[in-house]
Amino acid sequence: MIPLILSGGAGTRLWPMSRQLFPKQFLPLAEPQKTLLQATLERLPQGDDLGRPVVVCNEDHRFLVAEQLRAMGVQPARIILEPMGRNTAPAVALAALEQVQDGADPVLLVMPADHVIADVEAFRRALSTARVRAESGDLVTFGIVPTEPHTGYGYIRAGIGTEEEGALPVLEFVEKPDQQTAEGYLAGGDYFWNSGMFVFRASVFLQELETHAPDILVACRKALESARADMDFLRVDRDAFAACRGDSIDYAVMEKTGRAVVVPLRAGWSDVGSWASLWAVGERDADGNLAQGDVITVGARNCYVHGNQRLVAAVGVEDLVIVETADAVLVMHKDRDQEVKEVVARLKSRGREEADIHRCVARPWGTYERIDASDRFQVKRITVKPGQTLSLQMHYHRAEHWIVVRGTARITRGEEVFVLTENQSTFIPLGVTHRLENPGRIPLELIEVQSGSYLGEDDIVRFQDTYGRS
């Protein structure tokens, strides 16, 4: 069995923590020391019959995925890069096609990277049932036994009274209901929340995709035929994949196939799609508050309060979500959590970078954090991991001053190569080729002051790059 982790999506309803270039699956939202992606990998069953995971992600997130897997000591079988999002059916098709290229036909365990499952053992028991059915040719999905009339999830209606080996036939998939309809689903007992997790043989999924959505299969085959290896990643052909229509596994296959079965799952599942859902699955105090970070609550009830950079105090308020980051603060009623995406949409329409990036931006070599900026200058704190190297580059519109505050820097400036240590500095004139390296064993930290007529990140001409960026 091959775990197939789908690490796409932007998580806009979890703004301002989740952003386009650092979405929710890479954040420790449910557990303080573990990201959602890492928790997904940790809940996999252990054993020799479980293969190395395959991860499908957006190419903008490739180094985030690689670094978080490396931190866990997980060596993936493949990290497949999507040039753009096309929903789950094409993503799974790419992975399934890649897996059967050498004649193998593994069972695929398809899991989004951004779910929370509290009872891991219950999940593993359900997975054992699902695997048996998948090996016999079924397309298995997990149906979450509903605990409330939730209107934010799609539902699966299953056949009642025909249970065989823990699995039920799927009668239909239904869209997110209104409140009254959801209450009827809960009372009926034959409806489950649609988890978006699947188990099936690669060949069976591809056969059903060819029957019900052949255009997706053709486009993905073309994209994979022209794929190229790039370091630890597999880049599919951009133009071929762009021609593929977007569709979910549900719409493309599961709603049309006659092979779909559902395994009921009671395991404390949540797709962590909103701040209210995080509040619901988290550990709350006696007043119903869930506080993370530097938070003080006085007379507050049933609130989610997250202090990321500063002290946050909530006094005498109820049913609020309060989330603070270095460059944004969100305050809203818990019942309005689906509307956060409208904030993100407005930020994008106004060209505000807070929709896409944090003040601290991850790079494959480390991070940079914007400290101050104006029309003709910008100040950054740069951290370079031990042994890492930035690209050999130059800028047309800005000069840079570098001050080392911790560690050792090896600097290339034109034809010169020299070393700086703590409290030493240098100047990189406009138009001069340069490179920054950390040859030491501790992180290199420096302050960079940029000055010039244009300070955008796209004013970089790369001549050599360890990470394959152009």
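Structure first, text after, so check above.
Since we're looking at a predicted model, the values are computed, not measured.

Thresholds, definitions, all that
- Residues numbered from 1 in each chain as written.
- Predicted model: local features only at pLDDT ≥ 70, side-chain atom pairs only at ≥ 80, totals over all residues.
- Heavy atoms only, no water.
- Helix = DSSP H or I, 4+ residues; strand = E, 2+ residues; numbered from the N terminus.
- Pairing = 2+ DSSP bridges.
- Axes fitted to C-alpha atoms, helices over the stretch in contact; angles between N-to-C directions.
- Buried < 20%, exposed > 50% of the residue type's maximum accessible area, 1.4 Å probe, protein only.
- Polar contact = N/O pair within 3.5 Å; in protein donor to acceptor, adjacent residues only side chain to side chain.
- Contact = heavy atoms within 4.5 Å.

## Details of unusual backbone geometry
Phase 1 of the analysis: Cis rather than trans, the peptide bond between Trp 15 and Pro 16 has omega equal to 10°.
Phase 2 of the analysis: Here Pro 16 shows up in the loop between β1 (2-7) and α1 (36-42).
Phase 3 of the analysis: Despite not being glycine, Val 272 has its phi angle at roughly 45°, a positive value.
Phase 4 of the analysis: The residue Asp 319 is not glycine, and still its phi comes out positive at about 55°.

## Comments concerning the sheet that holds strand β14 (residues 290-298)
Phase 1 of the analysis: The four strands are arranged β14-β15-β16-β17 in an open sheet whose pairing can be described as mixed. A single partner strand is all that each edge strand has here, and the edge strands are β14 and β17 (329-333). Strand-to-strand twist across the sheet, computed as the mean angle between neighbouring axes with direction ignored, equals 20°.

## A word on the side chain of Glu 59
Phase 1 of the analysis: Structurally, Glu 59 can be placed in the loop between β2 (54-58) and α2 (62-72).
Phase 2 of the analysis: With a relative accessible area of 15%, Glu 59 lands in the buried category.
Phase 3 of the analysis: For Glu 59, the side chain forms a polar contact with the side chain of Arg 238, separated by 2.6 Å.
Phase 4 of the analysis: Ignoring sequence-local partners within four residues, the contact set of Glu 59 consists of Leu 81, Glu 82, Pro 83, Arg 235 and Arg 238.

## Observations regarding the sheet that holds strand β20 (residues 377-384)
Through backbone hydrogen bonds, the strands of a sheet pair up, either in parallel or in antiparallel fashion.
Phase 1 of the analysis: The antiparallel open sheet is built from six strands, whose spatial order is β18-β19-β20-β27-β22-β25. The sheet is open, and its two edges are formed by β18 (360-363) and β25 (425-428), each paired on a single side. Averaged over neighbouring strand pairs, the angle between their axes works out to 20° when direction is ignored.
Phase 2 of the analysis: One ladder, built from eight bridges, connects strand β22 (residues 398-406) with strand β27 (residues 444-452); its direction is antiparallel. Within β27, the position partnered with Ala 399 by the bridge is Ser 451.

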